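# Residue-level structural notes
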Amino acid sequence: MTKNQVNQHMMALNGDEAIAYAAKQSDVDVVAAYPITPQTIIVEKFSEYVANGEVQTEFICTESEHSAMAACIAASATGARTFTASASAGLALMHEMLFVCSGCRTPVVMAVANRALSAPLNIHGDQSDSMAQRDSGWIQIYVENSQEAYDSILQAFRIAEDTGVLLPIMVGLDGFTLSHSLENVKTLDDEVVKEFVKVRQLPEVLTHEGKMAPFRLDPANPMTMGPVAFPNYYFEFKRQQDEAMHNALDLIQKINDEYSKLTGRSYGNGLIERYQLDDAEVAVVCVGSTSGTLKTIVDELRHEGHKVGLLRLRTFRPLPVEALRSALENVKAIAVMDKSMSFGGNGGAVYHEVRHALYDAKSHPQVINYIYGLGGRDHSPHELRRIYEDLLRLLKTGTVEKHLNYLGLRE
Amino acid sequence: MSREKGWKEIAPAGVCPKSSVGFMTGDWKTYMPVRDLEKCTLCLTCVMLCPDGAIRWRPELGKIEIDNEFCKGCGICANECPTKAIKMTLEQE
């Protein structure tokens, strides 16, 4: 711990509890949520804080996730700090309201305990749920462990509520792998969190009365958010949302730096995390908790003399195209891991986007795809090591056997 | 008509640049309510039930006013009027 860093307290928390604890410390005004496995612990734990009087939060138990998101949008529109959590079918039921939320520029923070989608019914972890919400206008951050889940929720309020961004954000943690696994989590003092997350600031906008007023629903300065926009204006509002995403690229890095100075913890540059990438000839690109296992495999193979590395994509939306390109353009063979499927898309979403980022690279690495872990399918270190072995073989032969591979699938 | 603005010039989230009073939204109706002043008892049922706030009670005048620039012609007022004082009639140009 360097001199300027703050005191921290080690707690035993699973990913869900770490998120609930972070939300508790963030002085959230409104939580509207509906429970669904594997997110349930977040809502249960938070409702305990409410029942015990440990928070000042207005807690709304809705009858569905669609209503939960509607309530969050309305609460956030009044200027309130708003939090919710969901997963799988719950997130899918929110789908319509997710677009309303980003379109209304209401900076709701949502934890998503990533879980597979039906059918067949499956409650276990994969990333199909939030990947399917890729284009809903939400910032998406995926974490590697419970510590990062805690840290990222604190950062999420700062990112979402920044007046240059004003976009909702989902923080994804792998269902069960993180949501239900107990880890040591370093937490901050309430006062330190309060100072870090700050009080939500509101930009000033021009109202119909011709005066500047804070961007919130307020009877003293009436305004309408998200009304009808005809073909002559709708497009302009969508362009604003895209610009806000670009602004988030810089802000996420800035917040990551600020948090690092405070706690000593950073996650790459906030967008991507490079692990042994500098001189790597082959690399794996991964999103979420599997990156932890891959790091130990990289260490193992490095010890054996192989130039291997890992890139963990932390921020999926906005996609850090330039960071991906500069981190990967000197690597010769890359395997991209997808914990969800884009049926008929010839590869998963992460694969498509990493290949897209490399199109303008100085050299063109071979990029192959591994679909893995669907419906909670285990992926052992032994299996993951084989991906690097495939890449090293590809490096030697120069030929790609198959671009699309399914890890651990029975023929 | 004024120049349409670019995306950098407008407020986020579709925040309206003018009051809803400035948008005439009743110009596409087919039927309009016409009141029979002899039958009307000023019970104000129509005022309370109009979903668009297009029927207003003016206490200072002791009168009900129907604002046809916002009335959508749904006919709820005519249907609910206890004395059948409102008739929906084909709107003329």
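Not measured: the values here are computed from a predicted model. (Residues numbered from 1 in each chain as written. Chains lettered and ligands numbered in written order. Predicted model: local features only at pLDDT ≥ 70, side-chain atom pairs only at ≥ 80, totals over all residues.)

## Looking at the overall build of chain A
Applied cut-off: Think of it this way: any DSSP run of H or I at least four residues long counts as a helix, any run of E at least two long counts as a strand, and we number them from the N terminus. Radius of gyration means the value over C-alpha atoms here, while the globule rule gives 2.2 Å times the residue count to the 0.38 power. Counting other C-beta atoms within 10 Å of a residue's own tells you its class, since 20 or more makes it buried, 12 or fewer makes it exposed, and anything in between is partly exposed; those C-beta atoms are placed from the backbone. A residue pair is marked as a contact if its C-beta atoms, positioned from the backbone, fall within 7 Å.
A count of helical and extended segments in chain A gives 12 helices and 17 strands. For 411 residues, the compact-globule estimate of 2.2 N^0.38 gives 22 Å, and the C-alpha radius of gyration of chain A, at 21 Å, lies within 12% of that figure. Principal-axis analysis of the C-alpha atoms places the extent of chain A at approximately 70 × 50 × 50 Å. When each of the 411 residues of chain A is scored for burial, the buried share is 49%. The long-range fraction of contacts in chain A, counting pairs at least 24 apart against all pairs at least 6 apart in sequence, stands at 79%.

## Side note on the overall build of chain B
Scanning chain B from terminus to terminus reveals two helices and four strands. Each helix (α) and strand (β) of chain B, taken in turn from the N terminus, gives the series β-α-β-β-α-β. Here the C-alpha radius of gyration of chain B, 17 Å, is well above what a compact globule of 93 residues would show, namely 12 Å. Seen through its C-alpha atoms, chain B measures out along the principal axes to roughly 55 × 30 × 20 Å.

## Overview of the domain arrangement of chain A
Residue and element names in this part refer to chain A. Heads up, the condition is: For the domain bounds, the source is a domain assignment made automatically or taken from a database.
According to the domain assignment, chain A consists of domain 1 (8–203 + 232–263) and domain 2 (272–406). Taken over C-alpha atoms, the centre of domain 1 sits 27 Å from the centre of domain 2. Across the contact, 26 residues belong to domain 1 and 19 residues belong to domain 2. Of all the elements in the fold, those that place two or more residues in the side of domain 1 that touches domain 2 are helix H5 (128–131), strand S6 (139–142), strand S7 (169–174) and helix H8 (234–263). When residues of the side of domain 1 that touches domain 2 are assigned to their parent elements, the largest contribution, five residues, is made by H8.

## Concerning the nonpolar core
Inclusion rule: As used here, a nonpolar core is made of buried Ala, Val, Leu, Ile, Met, Phe, Trp, Tyr and Cys residues. They are joined through C-beta atoms within 7 Å.
In this structure, Ile 19, Ile 153, Ile 169, Val 171, Ala 283 and Val 285 of chain A are the most contacted members of the largest nonpolar core, which totals 125 residues. A per-element tally of this core places helix H6 (residues 146–161) of chain A first, with eight residues. Taken domain by domain, the makeup of this core includes at least three residues from each of domain 1 (8–203 + 232–263) and domain 2 (272–406) of chain A. Here Ile 19 of chain A is in contact with Ile 42, Ala 85, Ala 111, Ala 149, Tyr 150 and Ile 153 of chain A, once residues within four sequence places are set aside. Ile 64, Phe 70, Cys 71 and Ile 86 of chain B belong to the second largest nonpolar core, which has 11 residues in total.

## Some details on the interface of chain A and chain B
Convention followed: Three residue categories are used. Nonpolar comprises Ala, Val, Leu, Ile, Met, Phe, Trp, Tyr, Cys and Pro, charged comprises Asp, Glu, Lys and Arg, and polar comprises the others, including Gly.
Counting from both sides, the interface comprises 18 residues of chain A and, opposite them, 13 residues of chain B. Per-element tally for the side of chain A that touches chain B: the top contributor is H8 of chain A, with four residues. The class makeup of the residues in the side of chain A that touches chain B is nine nonpolar, six polar and three charged.

## A short note on the packing of H6 of chain A against H8 of chain A
Residue and element names in this part refer to chain A. Here is the rule: Angles run from 0 to 180 degrees between N-to-C directions of axes, and those axes are lines fitted to C-alpha atoms, restricted for helices to the stretch in contact. For classification, angles of less than 35 degrees are called roughly parallel, those exceeding 145 degrees roughly antiparallel, those between 65 and 115 degrees roughly perpendicular, and all remaining angles oblique. Crossings are assigned a handedness: left-handed for a near helix turned anticlockwise from the far helix by less than a right angle, right-handed for a clockwise turn.
Packing of H6 against H8 leaves a shortest axis separation of 10 Å and a crossing angle of 130°. Comparing their axes, H8 and H6 come out oblique. Both H6 and H8 take part in a crossing whose hand is right-handed. Side by side, H6 and H8 meet where Asp 151, Gln 155, Arg 158 and Ile 159 of the first sit next to Ala 248, Leu 251, Ile 252, Ile 255 and Tyr 259 of the second. Classifying every residue of the contact of H6 with H8 by side-chain character gives six nonpolar, one polar and two charged.

## Observations regarding the sheet that holds S7 of chain A
Residues and elements named next belong to chain A. We count it as follows: Between any two strands, at least two bridges found by DSSP are needed for them to pair.
The strand order S3-S2-S4-S5-S7-S6-S14 describes an open sheet built from seven strands, whose pairing is mixed. The open sheet terminates on both sides in strands that have one partner only, identified here as strand S3 (58–61) and strand S14 (315–317). Averaged over all adjacent pairs, the angle separating strand axes in this sheet is 20°, with direction ignored. With six bridges connecting them, strand S5 (residues 109–114) and S7 associate as parallel partners. Each residue of the ladder has a partner; that of Ala 113, found in S7, is Leu 173.

## Concerning helix H10 (residues 321–328) of chain A
Residue and element names in this part refer to chain A. Here is the rule: The arc refers to the directions leading from the helix axis to the C-beta atoms.
Where H10 is concerned, the buried positions are Ala 323, Leu 324, Ala 327 and Leu 328. With its buried residues spanning 110° around the axis, H10 presents them on a single face. Summarising the contacts, the buried residues of H10 are in contact with strand S11 (272–275), strand S12 (282–286), strand S13 (308–313), strand S15 (333–338) and helix H11 (349–358).

## What to know about the pairing of strand S2 (residues 55–58) of chain B
Residue and element names in this part refer to chain B. As paired strands, S2 and strand S3 (residues 63–66) are joined by four bridges and run antiparallel to one another. Bridge pairing in S3 places Trp 57 opposite Ile 64. Counting the residues that bridge the hairpin from S2 to S3 gives four residues, and of these Gly 62 lies at a positive phi of roughly 65°.

## Comments concerning the packing of helix H1 (residues 15–25) of chain A against helix H2 (residues 40–51) of chain A
If you want to describe how two helices pack, look at the angle between their axes and the distance between the axes. Residues and elements named next belong to chain A. Following both chains from N to C, one finds H1 and H2 inclined at 40°, their axes separated by 8 Å at the closest point. As far as their axial angle goes, H2 and H1 are oblique. For the element pair H1 and H2, the recorded crossing hand is right-handed. Counted together, Asp 16, Glu 17, Ile 19, Ala 20, Ala 23 and Lys 24 of H1 and Ile 41, Ile 42, Lys 45, Phe 46 and Tyr 49 of H2 form the full contact between these two elements. Here the contact of H1 with H2 is built from residues that sort into seven nonpolar, no polar and four charged.

## With respect to the confidence of the model for chain B
Short version of the rule: Within a predicted model, pLDDT stands for the predictor's per-residue confidence, ranging from 0 to 100.
Of the residues in chain B, 98% reach a pLDDT of 70 or more, and the chain-wide mean stands at 92. At the level of chain-chain contacts, confidence expressed as ipTM amounts to 0.88, with global pTM at 0.92.

## Describing H1 of chain A
Residues and elements named next belong to chain A. Among the 11 residues in H1, 11 count as buried, and that is most of the element. Looking only at H1, the buried set comprises Gly 15, Asp 16, Glu 17, Ala 18, Ile 19, Ala 20, Tyr 21, Ala 22, Ala 23, Lys 24 and Gln 25. At the C-terminal side of H1, Asp 27 shows a positive phi close to 55°.

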